[in-house]
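# Chains, contacts and geometry: an overview
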Amino acid sequence: MHEAPADPTIGELSEGEILRRIIARTGRASAAIVGPGDDAAVVGAPSGAVVATTDTLVHGPDFRMAWSSGYDLGWKAAAVNLADVAAMGARPTALLVALAMPNHTRISFVEALADGLRDACDALAPGCAVVGGDLTVSATLTLAITALGDLEGRRAVLRSGAREGDVVAVAGELGVAARGLAVLFDRFRDEAGSPVPVDAARLAPGEPEELAAQLRPSPPIGLGAMAAVAGATAMMDVSDGLGLDARRLADASGVSLDLDPVALGPDPATALEGGEDHALLATFAEDALPPGFRVLGRVVARGEAAVLVAGRAYGGPGGWDPYRDWDAAAG
């Protein structure tokens, strides 16, 4: 009698069987009125407004299989989308997942990915879960997430509301994910430059935390809604680096942001130029800074430069570009 493989590839299973295995692991969203199983999910939005965002992770420019487990990938895909919802001042309520995989992908990888999605939601945004999605076959592993959120009666916090005299503040780490990426490229590639699995024995003190910030980030999702309640005048997710994202916020608001180099920490250049930390950058009236945020500088009248450091124009690249920086780091 022929025995089914213990860990079949997705090419050996039907779409229905793959979906059943995923859904069994992803939990239920508290806002879901109709969850997985119909043509579309129905998610409650008591405030009458829905915050929606989409982000795609593609093998190559966004992650490397040698470095990211299925669990890591699921966790990171959830976290980066939850951060965008939080940056609007909303509470994340649901995820929609589109997964394109090569036929040789093992079902254990898919199950681990589903576990990562579930655990990230449980840890970062309790009550949020996967409510639906799509599966297809592709030569390149691709994971696209749409995240939904509820403003709970609040106005959305936009990038365009920063006012002269506000303080510039951040919740979360800056530059740590970039240091983790540097560890991967510097330490875990073969002679041809191809990624190889991480050997924990080769990590120095502090480096496991830096790798976790890159591969399995934990942005302060709950502080997005807290910032909105406190009266944040502008806010955004720092996904591409503080220098670049601060410039975007300043441009949207028609102001300049003057950052204090001391507040940027012992390595200001990495804090400004490293990406993928998914911290929350926000501006507040001086007396409205909520717990969890620390001051980085001030909003000043618009000058020649959108971002200043200690009063001087910041002219660095200021951010992470996956199409440029993956290739540059690999070269």
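Now for a description of the structure that goes with this document. Counting restarts for each chain: residues are numbered from 1 in the order of the written sequence. Totals for whole chains, interfaces and linings use all residues, but because this is a predicted model, local features are given only for residues with pLDDT of at least 70 and pairs of side-chain atoms are given and counted only at 80 or more. Hydrogens and waters are ignored; side-chain quantities use all the structure's heavy atoms.

### Considering the overall build of the protein chain
Under the scheme used here, helices are H or I runs from DSSP no shorter than 4 residues and strands are E runs no shorter than 2 residues, and both carry numbers assigned from the N terminus. Looking only at helices and strands, the protein chain has nine helices and 13 strands in total. A globule of 331 residues ought to have a C-alpha radius of gyration of about 20 Å, and the protein chain, at 21 Å, matches this closely. The 331 residues of the protein chain split such that 50% are buried. The contact rule is simple, with two residues in contact once any of their heavy atoms fall within 4.5 Å. For the protein chain, restricting intrachain contacts to residue pairs at least 6 apart in sequence, the fraction spanning at least 24 positions comes to 86%. We compute the radius of gyration from the C-alpha atoms alone; for a globule the expected value is 2.2 Å times N to the 0.38, where N is the number of residues. Residue burial is assigned from relative accessible area. The probe radius is 1.4 Å, only protein chains are included, and a residue is buried under 20% of its type maximum, exposed over 50%, and partly exposed in between.

### Overview of the pairing of strand β9 (residues 256-259)
The sheet contact formed by β9 and strand β11 (residues 294-300) spans four bridges and is antiparallel. Among the inter-strand pairings, Leu259 is bridged to a residue of β11, identified as Gly297. Relative to strand β12 (residues 307-309), β9 is paired through three bridges, and the arrangement is parallel. What sits directly across from Asp258, in β12, is Leu308. The pairing criterion for strands is at least two bridges between them, as found by DSSP.

### As for the sheet that holds strand β7 (residues 167-171)
Spatially, seven strands are ordered β8-β10-β7-β11-β9-β12-β13 in an open sheet, and the strand pairing comes out mixed. What marks the edges here is a single partner per strand, and that holds for β8 (234-238) and β13 (312-313). Angular values range over 0 to 180 degrees, each being the angle between N-to-C directions of two axes fitted as lines to C-alpha atoms, with helices fitted over their stretch in contact. Against the sheet, helix α7 (residues 242-253) touches β8, β9, β10 (279-284), β11 and β12, its axis set at about 155° to β8.

### Examining the state of the cysteines
A pair of cysteine sulfur atoms is labelled a disulfide when the two atoms are within 2.5 Å. Counted by the stated rule, this structure contains zero disulfides. Just so you know, Cys121 is unpaired, no disulfide at all, and the nearest cysteine sulfur is the one on Cys128, 4.0 Å from it. Exposure remark for Cys121: the relative accessible area of 1% places this residue in the buried category. The class of Cys128 is buried, set by a relative accessible area of 2%.

### With respect to the side chain of Thr233
Tracing the backbone shows Thr233 in the loop between α6 (222-230) and β8. Its relative accessible area of 14% is what places Thr233 among the buried residues. Here a polar contact means two N or O atoms within 3.5 Å. Within protein one must be a hydrogen donor candidate and the other an acceptor candidate, and residues neighboring in sequence count only if both atoms are side-chain atoms. At 2.7 Å, the side chain of Thr233 forms a polar contact with the side chain of Asp166. Reaching out from Thr233, the side chain makes a polar contact with the side chain of Thr283 at a distance of 2.6 Å. Residues contacting Thr233, with those up to four places away along its chain left out, are Val157, Leu158, Gly161, Ala162, Arg163, Asp166, Thr283 and Phe284.

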